[in-house]
Amino acid sequence: MILGTGHIVTNREIEKLDVDAINKGAKATSEPLFVARKKIHPKRTKGDFRRLKWIIMALTLGIYYITPFIRWDRGIYAPDQAVLIDMAHRRFYFFFIEIWPQEFIFVAGLLVMAGIGLFLVTSVVGRAWCGYACPQTVWTDLFLVVERFFEGDRNARIRLDSAKWSVSKVSKRLAKHFTWILISILTGGAWIFYFADAPRLLVDFVKGDAAFIAYSTVAVLTVTTYFLGGILREQVCIYMCPWPRIQAAMLDEDSLVVTYNDWRGEPKTKGVKKAAALQQPSGDCIDCNACVAVCPTGIDIRDGQQLECITCALCIDACDDIMGKLGREKGLISYATLRDYDSNMDIAIDPETDLISPERVRDEDGKFRTALRHFDWKIIFRLRTLIYFGAWLAIGFVLLFMLLSRDRLEINVLHDRNPIFTKLSDGSIRNGYTVKILNMIAEPRTIELSITGLDGAKMSINGVEPTGDNFYLIDVEPDKLRALRVFISVTEDQLDDGQGEFHLIAQDKQSFENDRYKALFEGPKD
């Protein structure tokens, strides 16, 4: 018997779960490329990592479903939805930030930051994104909560699968799938709310007055969410997602990954007293299969690193629970680096037998030897991660600087192509231009348009009276572009070889914001 925490526990009191890893046969024998799916019934577990997953799931789902209904006051000339992708007016609103199509560099920069951030997280803690925050993981967890609520935990679900069809079985299955479909509809519904005013679209959608694209989008997302989160589940992670095949390039010897520490777990034993009586060495692993039973992808972490592992760490919680009941140190399965693992294996392996010897990792008092390596937070701050973090931070600062210093007033000028110039009756040369003034704030503005750089030039604008000598006051509506027909005339002697350059300047006298465009004046060439 082994002294546990508060009571006496023997190995025989620990339930050995009847479960095999889904890839066990594939590792032992040569199987065909396509095999029937082995249904997985993950067992519920408790622990620090499971609590962390609950918290992240609640936060991510809350953000996704609630964000479209958050209001943000931008004044009477702009929408008051905090996050809005306004396809009709080609705008993207994110709280106090407004992005125009020509400012897509900010979106591209955020995508680059997301990519580098994923590389950083992977190099530090492996596939933590997959195990905690990936939408596939989050919605699969949510669907499993529903499944457990109606059908029970692992053993109850297995019994229900093998049971004959009855009123009870049909009612449980209908309730589960109905709830899954409801969640899927809400998922698709929440998505469309990001593209229009959410409260108004919700009312129109329920009344049947929404656009066809809204209903078709919800239908597509309902089907995909239902099948990906409820039916396919781990198949998406194993076969459809490319990230497991890429992540190996992101890992190094100091990356933390979920690891079975066989340097302390081997050789496995189902009875300590029996092994002691036979004078057989025994490790900490009692082969209870708890780690396999809780795995959402159905693998055995004791087989080593595998493509199917999403680093959710639920096997750590399950194993720590067993070790706690046996009164042994937690961490038989833990986040560990390859460098620490190899170092501890060198200590644990007997050079004469080339086998793991438990006596080499523990002293006479049963404590771990001081030579063993354990997690050191300093490994997070190594050259590779610092480079990733530095690049991520640099891009973030550049985007922030560009965002804070960007102009919200633009002027664009397009020279007439035919005719390029016109000779007037007084002998002067006139060029025509299409000038576009863009007001990128949610307030009306009066913009002063003037010309400089071409001596003797005169400017006129169709439909607008001049305010002064060669400048005009132009009213531009909030978040709108105003196009003007502008004519510039100058005497031929002011041109150099039939050409001249000038600047059109658009200036807001209230905010002192201005933009200028360098344009070319064409005349007859000798």
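Residues numbered from 1 in each chain as written. Predicted model: local features only at pLDDT ≥ 70, side-chain atom pairs only at ≥ 80, totals over all residues. Heavy atoms only, no water.

K.L.:
How should I be thinking about the state of the cysteines in this particular structure?
P.N.:
The tally for this structure, following the rule as stated, stands at zero disulfides. Sulfur of Cys-130: no disulfide; nearest cysteine sulfur belongs to Cys-241 and is 5.7 Å away. Unpaired in terms of disulfides, Cys-288 finds its nearest cysteine sulfur in Cys-291, a separation of 6.5 Å. (Disulfide = S-S within 2.5 Å.)

K.L.:
What am I meant to see in helix α7 (residues 167-192) here?
P.N.:
For an α-helix the count is 3.6 residues per turn, leaving residues at separations of three or four pointing the same way. The end-to-end C-alpha distance of α7, which contains 26 residues, comes to 38 Å, matching closely the 38 Å that a straight helix rising 1.5 Å per residue would cover. Every buried residue of α7 is listed here: Lys-169, Arg-173, Lys-176, Thr-179, Trp-180, Ile-183, Ser-184, Thr-187, Gly-188, Gly-189, Ala-190 and Ile-192. Where the residues of α7 are buried, they touch α2 (48-66), α5 (135-151), α6 (154-162), α8 (198-207) and α9 (212-232). (Helix = DSSP H or I, 4+ residues; strand = E, 2+ residues; numbered from the N terminus. Expected span 1.5 Å × (residues − 1). Buried < 20%, exposed > 50% of the residue type's maximum accessible area, 1.4 Å probe, protein only. Contact = heavy atoms within 4.5 Å.)

K.L.:
Where do I start with the pattern of salt bridges in this structure?
P.N.:
Between side chains of opposite charge, a pair can form when the charged atoms approach closely. Under the counting rule described, the total for this entry stands at 37 salt bridges. Where Asp-153 meets Arg-157, a salt bridge forms, and the shortest distance between an N and an O atom there is 3.8 Å. For Arg-157, a relative accessible area of 0% gives the class buried. The shortest N-O distance in the salt bridge between Arg-485 and Asp-416 comes to 2.9 Å. Here the residue Arg-485 occupies a position in strand β16 (residues 480-490), and Asp-416 occupies one in the loop between β10 (409-415) and β11 (422-423), the gap between them amounting to 69 residues. For Arg-485, a relative accessible area of 30% gives the class partly exposed. The class of Asp-416 is buried, set by a relative accessible area of 19%. (Salt bridge = Lys/Arg side-chain N within 4 Å of Asp/Glu carboxyl O.)

K.L.:
Any chance you could explain unusual backbone geometry here in plain terms?
P.N.:
What is expected of a backbone is that most residues other than glycine have negative phi and most peptide bonds are trans. Here Glu-266 and Pro-267 are connected by a cis peptide whose omega angle stands at -10°. Topologically, Pro-267 is positioned in the loop between α12 (262-265) and α13 (272-277). Backbone torsion omega between Asn-418 and Pro-419 reads 0°, so that peptide bond is classified as cis. Along the chain, the position of Pro-419 falls in the loop between β10 and β11. Although it is not a glycine, Ala-313 sits at a positive phi angle of roughly 70°. Along the chain, the position of Ala-313 falls in the loop between α14 (290-293) and α15 (314-326). Among the residues examined, Ala-313 registers a relative accessible area of 1% and is labelled buried. Residue Asp-354 is not a glycine yet carries a positive backbone phi of 60°. Residue position: Asp-354 is located in the loop between β8 (349-350) and β9 (355-356). Assessed through its relative accessible area of 60%, Asp-354 is described here as exposed.

Geometry only, nothing functional implied.
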